[in-house]
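The lines below spell out each chain.
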Amino acid sequence: LLWDPQTQHCKDVNECETIADACKGEMKCFNHYGGYLCLPRSASVIPAPEPAHTPTVPEPFNPCPLGYEPQGDSCVDVDECERDEHDCQPSQQCINTQGAFTCQCPDGYRKVGTECIDIDECRYRYCQHHCVNVPGSFSCQCEPGFQLAGNNRSCIDVNECEMGAPCTQRCYNTYGTFMCRCDQGYELGPDGFTCNDLDECSYSIYHCQHQCVNQPGKFYCECPEGYQLLGTRLCQDVNECETGEHQCTESQMCVNIHGRYQCVDTNRCQEPYVQLSDNRCICPATKPACRDLPYSIVNRYMSITSERSVPSDIFQIQATSLSSGAYNTFRIRSGDDNSDFYIRQINNISAMLVLARAVTGPKEYTLDLEMLSVNPLLSYQTSSVLRLSVYVGPHTF
């Protein structure tokens, strides 16, 4: 304080201005009447006004202690707050006591000298996550995914799934966040929320034996015409001859082949052959034209798939009648112009037709498989033909 000769009173000196570096480091200087304070820069101060100086008027003699006044023969407390005879700041509350009074700071402030200094509640870790100090108070804030509990200090998990999380299909709440998941047949998009259809057909060619058809969230397998689905992915030939889905006449026989059927005449015998029974024709020795022809022709039918692995046994030839002392040999008489087949003789009475090269359908072969019988004891030879129609299907199944 300095003496002011004009007012004849002491006046305050602002040490924050007159003293260089009054406060060191990160502290801030706050001037107050009769001194100064060094406080953190985040602190706020309710300044006290300088005391007003009024001309001194001599007070009457008071025989009572300070803070009391005479009343009759006794001394009673003076309520300085009620009489406004206190020096509390406007922001402070005057509280009367016996023989004195006290000045109380608002909530969130503490008294230092005559000043009220903001209490930085955040220094005391009142909040679970984040604390924001404000003059005279503080507020707690939570991390994303949490919300303040009823005590305004603790943080509790927010169930985003119940609050409209942007998951398009499934939402799973986790501590402080959430996860989106997709139904089977979908995959999570780059944004983490959207579920996009998973095109299973583009991931593998082995899902379906023939054709894979993608649909939202799933796929299914299709088979070509003449086939039906076996299980969920395999294709099986439809036997139109058994199901009655053919248009063969009474004079024809229905032959089932891969993917379709074939109608063949029950009597396929051509001159000079005559029909002996179904599928069997003979050439009578009484006809001169039969001299150089096989004695009998038996018609048979079979079907194989495309691209069959080779070599592959596909048909066994078996002699139906035997002559004592006869030697039998087997050969492909006609129909194999590209050498796609060959004969492997098993013994004297049977042989195997072997597919020598992989063939691709649809394709049809008519093979005349001849068995030549020679009997040296009786000095004669004869031959018979098995006319085999081989149908190659259009697919590998």
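Before reading on, note that the structure itself is shown above.
Rules of the game
- Residues numbered from 1 in each chain as written.
- Predicted model: local features only at pLDDT ≥ 70, side-chain atom pairs only at ≥ 80, totals over all residues.
- Heavy atoms only, no water.
- Pairing = 2+ DSSP bridges.
- Helix = DSSP H or I, 4+ residues; strand = E, 2+ residues; numbered from the N terminus.
- Axes fitted to C-alpha atoms, helices over the stretch in contact; angles between N-to-C directions.
- Phe/Tyr/Trp six-rings, centres within 6.5 Å; stacked < 30°, edge-to-face > 60°.
- Buried < 20%, exposed > 50% of the residue type's maximum accessible area, 1.4 Å probe, protein only.
- Core = buried A, V, L, I, M, F, W, Y, C linked by side-chain atoms within 4.5 Å.
- Contact = heavy atoms within 4.5 Å.
- Salt bridge = Lys/Arg side-chain N within 4 Å of Asp/Glu carboxyl O.
- 1 Å grid on protein atoms, 1.4 Å probe; cavity = no way out; pocket = protein on both sides within 12 Å on 5 of 7 lines; lining within 4 Å.
- Points joined across faces, edges and corners; volume = space filled by probe spheres on them.
- Nonpolar A, V, L, I, M, F, W, Y, C, P; charged D, E, K, R; others polar.
- Disulfide = S-S within 2.5 Å.

A. Spotlight on the sheet that holds strand 31 (residues 341-345). The sheet built from 3 strands is open, its strands ordered 29-32-31 with antiparallel pairing. The sheet terminates laterally at strand 29 (312-318) and strand 31, the two strands that pair on one side only. Strand-to-strand, the axes of this sheet are offset by a mean angle of 25°, without reference to chain direction. Across 6 bridges, the pairing between strand 29 and strand 32 (residues 350-355) is antiparallel. From the neighbouring strand, Phe 315 faces strand 32, where its bridge partner is Leu 353.

B. Examining the packing of aromatic side chains more closely. Enumeration over the complete set of coordinates arrives at 6 aromatic pairs. A ring pair is formed by Phe 178 and Phe 193, whose centres lie 6.2 Å apart and whose planes are at 15°; its orientation type is stacked. With Phe 178 in strand 17 (residues 177-181) and Phe 193 in the loop between strand 18 (186-188) and strand 19 (195-197), this residue pair connects regions lying 15 residues apart in the sequence. Residue Phe 193 is classed as partly exposed on the basis of its relative accessible area, which comes to 31%. Taking the centre distance of 5.1 Å and the plane angle of 75° together, the rings of Tyr 227 and Phe 397 count as edge-to-face. Taken together, the residues Tyr 227 in strand 22 (residues 227-230) and Phe 397 in the segment after strand 34 (380-392) connect sequence positions 170 residues apart. Pair check on accessibility: Tyr 227 and Phe 397 agree, each one buried. A connected cluster of aromatic rings, assembled from ring pairs, spans Tyr 124, Tyr 126 and Phe 138.

C. Quick peek at the nonpolar core. Core analysis: the biggest nonpolar cluster contains 20 residues, and Ile 304, Ile 314, Phe 315, Leu 353 and Leu 388 have the highest contact counts within it. Where this core is concerned, the elements lending two or more residues are strand 28 (296-304), strand 29, strand 32, strand 33 (363-375) and strand 34. Residues in contact with Leu 353, not counting those within four places in the same chain, are Ser 312, Asp 313, Ile 314, Phe 315, Ile 332, Phe 341, Tyr 342, Ile 343, Leu 367, Leu 369 and Leu 388. Membership of the second largest hydrophobic core comes to 7 residues, among which are Cys 269, Tyr 273, Cys 281 and Cys 290.

D. Structural view of the pattern of salt bridges. In total, this model carries 8 salt bridges according to the counting rule given. With a closest N to O distance of 2.7 Å, Asp 183 and Arg 170 form a salt bridge. You can see Asp 183 sitting in the loop between strand 17 and strand 18 and its partner Arg 170 sitting in strand 16 (residues 170-174), a full 13 residues away along the chain. Residue Arg 170 is classed as partly exposed on the basis of its relative accessible area, which comes to 40%. A salt bridge links Lys 287 to Glu 271, with the shortest nitrogen-to-oxygen separation between them at 3.7 Å. Of this pair, Lys 287 sits in the loop between strand 27 (280-282) and strand 28 while Glu 271 sits in the loop between strand 25 (260-265) and strand 26 (274-277), and the two are 16 residues apart along the sequence. The partly exposed category is assigned to Lys 287, whose relative accessible area is 25%. Among the residues examined, Glu 271 registers a relative accessible area of 66% and is labelled exposed. Among the charged side chains, a salt-bridge network with shared partners connects Arg 331, Arg 333 and Glu 370.

E. Layout of the layout of surface pockets. Considered as a void within the structure, the largest pocket measures approximately 560 Å³ in volume. Considering the residues around the largest pocket, the lining is formed by 28 residues, among which Ala 319, Thr 320, Ser 321, Met 371 and Ser 384 are closest to the centre. Put simply, the parts of the chain that give the lining of the largest pocket at least two residues each are strand 28, strand 29, strand 30 (327-334), strand 33 and strand 34. The element contributing the most residues to the lining of the largest pocket is strand 34, with 6 residues. In the lining of the largest pocket, the residues fall into 14 nonpolar, 11 polar and 3 charged.

F. Inspection of the state of the cysteines at higher detail. Applying the stated criterion to the full structure yields 19 disulfides. There is a disulfide in this structure between Cys 64 and Cys 75, and the S-S distance comes to 2.0 Å. With the S-S dihedral at roughly -85°, the linkage between Cys 64 and Cys 75 falls on the left-handed side. Placement of the pair is Cys 64 in the loop between strand 5 (45-46) and strand 6 (68-71) and Cys 75 in strand 7 (residues 74-77), with a sequence separation of 11 residues.

G. Structural view of the pairing of strand 12 (residues 130-134). Across 5 bridges, the pairing between strand 12 and strand 13 (residues 137-141) is antiparallel. Bridging from a neighbouring strand, His 130 pairs with Gln 141 of strand 13. Counting the residues in the hairpin turn of strand 12 and strand 13 gives 2 residues, including Gly 136, whose phi is positive at 80°.

H. Quick look at the sheet that holds strand 28. Read across the open sheet, the 6 strands follow the order 26-27-28-34-33-30; overall the sheet is mixed. Since the sheet does not close on itself, it has two edges, and those belong to strand 26 and strand 30, each with one partner. Strand-to-strand twist of the sheet, defined as the mean angle between neighbouring strand axes without regard to direction, takes the value 30°. Two strands pair when backbone bridges link them, and strand 33 and strand 34 are joined in this way by 13 bridges, in the antiparallel orientation. Bridging from a neighbouring strand, Met 371 pairs with Ser 384 of strand 34.

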